[in-house]
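Now for the letters of each chain:
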Amino acid sequence: MSNYKTILVEKHDGIAVITINRPDKLNALNSKVHEEGVAALDELRNDEKIRVVVFTGAGEKSFIAGADISEFAGKTPVTQRAVFQNRTLFNSIDTFPKPVIAMINGFCLGGGCELALACDIRIASENAKLGQPEINLGIIPGGGGTQRLTKLIGEGKSMEIILTGDMIDAETALSLGLVNHVYPAEELEENTMKLAGKIASKSPIALQMAKEAVKTASKSNLDEGLRREVDLFAITFSSEDKEEGVSAFLEKRKPEFKGR
Ligand code: COA
């Protein structure tokens, strides 16, 4: 694995943990983090041993406190548009073929919330604070926040979060469906890894098809989505894993999926 400067990548038991490692800046996303995060995902995409990716932030205070605001100073519309049209970490996560979990261990703001929204599942610690505070800087979310947040929790609730810029606590985020689970900080990692491990034990082919099918639901209309689902469902019938899963059920044993 490459020697990254702003992220750490650890691999164990089919799970890769990518830690944004700028704790002195509350893990704010600068262009280097985007570049290295995209490169890490490119490596993990082809790593057959890795079945699930987890994103988190270094230190105990913050997941990601947003885009690095210092990089906004002096940017023109043209240069800023180019930055967000490049391969951002948000889009790389969204289109990554394996499941991605956000392990939210503190501030999850602006681009941090947008990164979590691009992930497939979000798990937060009790002390997490989430929000889209861009409005307080005289700007709006530009990394998918207005779209993915609205798709996930609905227009009214999304509007309030984006128009006020207020932070919400983890329990509120749970009640809105913005996060899937909330755990005490000291139990966050254990519970996230348990979930990641459970997902990693499934057929990687089925996981990929399932992720694509679910993502299609928010990107197309129902008829298109149902057609896509049938195609993806049919593709899983071409895998050895499907034969293994069916045989294991019939033989009353645990399946061993190989990703073929
Ligand atoms: N971009 C760049 N630097 C950031 C940052 C960001 N989004 N968020 C925090 N930092 C830096 C601070 O400038 C500070 O750096 P310094 O020690 O060199 O001055 C360091 O991280 C610690 O942050 P600090 O503000 O001192 O911590 P705090 O506990 O008092 O406040 C927050 C925490 C999250 C409330 C506050 O940092 C904040 O409001 N951050 C910006 C959040 C935001 O607007 N994000 C959306 C950006 S579009």
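See above for the structure.
Okay, so let's go over this structure. (Residues numbered from 1 in each chain as written. Predicted model: local features only at pLDDT ≥ 70, side-chain atom pairs only at ≥ 80, totals over all residues. Heavy atoms only, no water.)

### Some details on the site of the ligand
Part 1: Within the structure, the ligand sits among 18 residues, and Lys25, Lys61, Ala65, Ala67 and Ile69 are positioned closest to it.
Part 2: Between the ligand and Ala65 there is a distance of 2.9 Å, counted from a nitrogen atom to a backbone nitrogen or oxygen.
Part 3: In the environment of the ligand, a nitrogen atom lies 2.9 Å from a nitrogen or oxygen atom belonging to the backbone of Ala67.
Part 4: Summarising the interface, the protein chains cover 60% of the accessible area of the ligand, which totals 860 Å² for the free molecule.
Part 5: Of the residues assigned to the shell around the ligand, the class counts are 11 nonpolar, two polar and five charged. (Near = heavy atom within 4 Å. Polar contact = N/O pair within 3.5 Å; in protein donor to acceptor, adjacent residues only side chain to side chain. Areas by Shrake-Rupley, 256 points an atom, 1.4 Å probe, with all protein chains shown as cover. Nonpolar A, V, L, I, M, F, W, Y, C, P; charged D, E, K, R; others polar.)

### Structural notes on the packing of helix H9 (residues 204-219) against helix H10 (residues 222-236)
Part 1: Across the interface, H9 lies against H10 with an axial gap of 9 Å and an inter-helix angle of 180°. With respect to their mutual orientation, H9 and H10 come out roughly antiparallel. From H9, Ala206, Met209, Glu212, Ala213 and Thr216 reach across to H10, where they touch Gly225, Arg228, Leu232, Ile235 and Thr236. (Axes fitted to C-alpha atoms, helices over the stretch in contact; angles between N-to-C directions. Helix = DSSP H or I, 4+ residues; strand = E, 2+ residues; numbered from the N terminus. Parallel < 35°, antiparallel > 145°, perpendicular 65-115°, else oblique. Contact = heavy atoms within 4.5 Å.)

### What to know about the sheet that holds strand S2 (residues 15-20)
Part 1: Reading across from one edge, S1-S2-S3-S5-S7-S10 is the order of the six strands in this open sheet, with mixed pairing throughout. Bordering the open sheet on either side are strand S1 (7-12) and strand S10 (181-183), each of which pairs with just one other strand. For this sheet, the mean angle separating the axes of adjacent strands, direction not counted, is 20°.
Part 2: Set on the sheet, helix H1 (residues 31-45) makes contact with S1, S2 and strand S3 (52-57); between it and S1 the angle comes to about 20°. (Pairing = 2+ DSSP bridges.)

### Considerations on the sheet that holds strand S8 (residues 129-131)
Part 1: Read across the sheet, four strands follow the order S4-S6-S8-S9 without closing on themselves; strand pairing throughout is mixed. Looking along the sheet, the strands with just one partner apiece sit at the ends: strand S4 (62-64) and strand S9 (168-169).
Part 2: Looking at chain direction, S4 and strand S6 (residues 107-109) are connected through two bridges and run parallel. From the neighbouring strand, Ile64 faces S6, where its bridge partner is Cys108.
Part 3: Those strands touched by helix H4 (residues 111-118) are S4, S6 and S8, and its axis lies near 85° from that of S6.

### Quick look at the environment of Glu187
Part 1: Inspection of the secondary structure assignment puts Glu187 in helix H8 (residues 185-200).
Part 2: Classification of Glu187 by relative accessible area gives partly exposed; the value is 35%.
Part 3: Taking the C-alpha atoms as reference points, Glu187 and Gly110, 77 residues apart in sequence, are found 25 Å from one another. (Buried < 20%, exposed > 50% of the residue type's maximum accessible area, 1.4 Å probe, protein only.)

### Describing the pairing of strand S7 (residues 121-125)
Regular strands place side chains that alternate from one sheet face to the opposite one.
Part 1: Summarising burial for S7: five of the five residues are buried, a large majority.
Part 2: In the sheet, strand S5 (residues 100-104) pairs with S7 via four bridges, with the strands oriented parallel. Its bridge partner being in S7, Ile101 is matched across the sheet by Ile121.
Part 3: As judged from the three bridges shared by S7 and S10, these two strands associate in the parallel manner. Residue pairing in the sheet places Ile123 in a bridge with His181 of S10.

### Focus on the layout of surface pockets
Part 1: Considering only enclosed or pocket space, the largest pocket measures out at about 620 Å³ in volume.
Part 2: The wall of the largest pocket is formed by 20 residues, among which Cys119, Asp120, Val214, Lys215 and Ser218 lie closest to the centre.
Part 3: Those elements that provide at least two residues to the lining of the largest pocket are S7, helix H5 (145-153) and H9.
Part 4: A per-element tally of the lining of the largest pocket places H9 first, with seven residues.
Part 5: When its residues are assigned to classes, the lining of the largest pocket shows nine nonpolar, three polar and eight charged. (1 Å grid on protein atoms, 1.4 Å probe; cavity = no way out; pocket = protein on both sides within 12 Å on 5 of 7 lines; lining within 4 Å. Points joined across faces, edges and corners; volume = space filled by probe spheres on them.)

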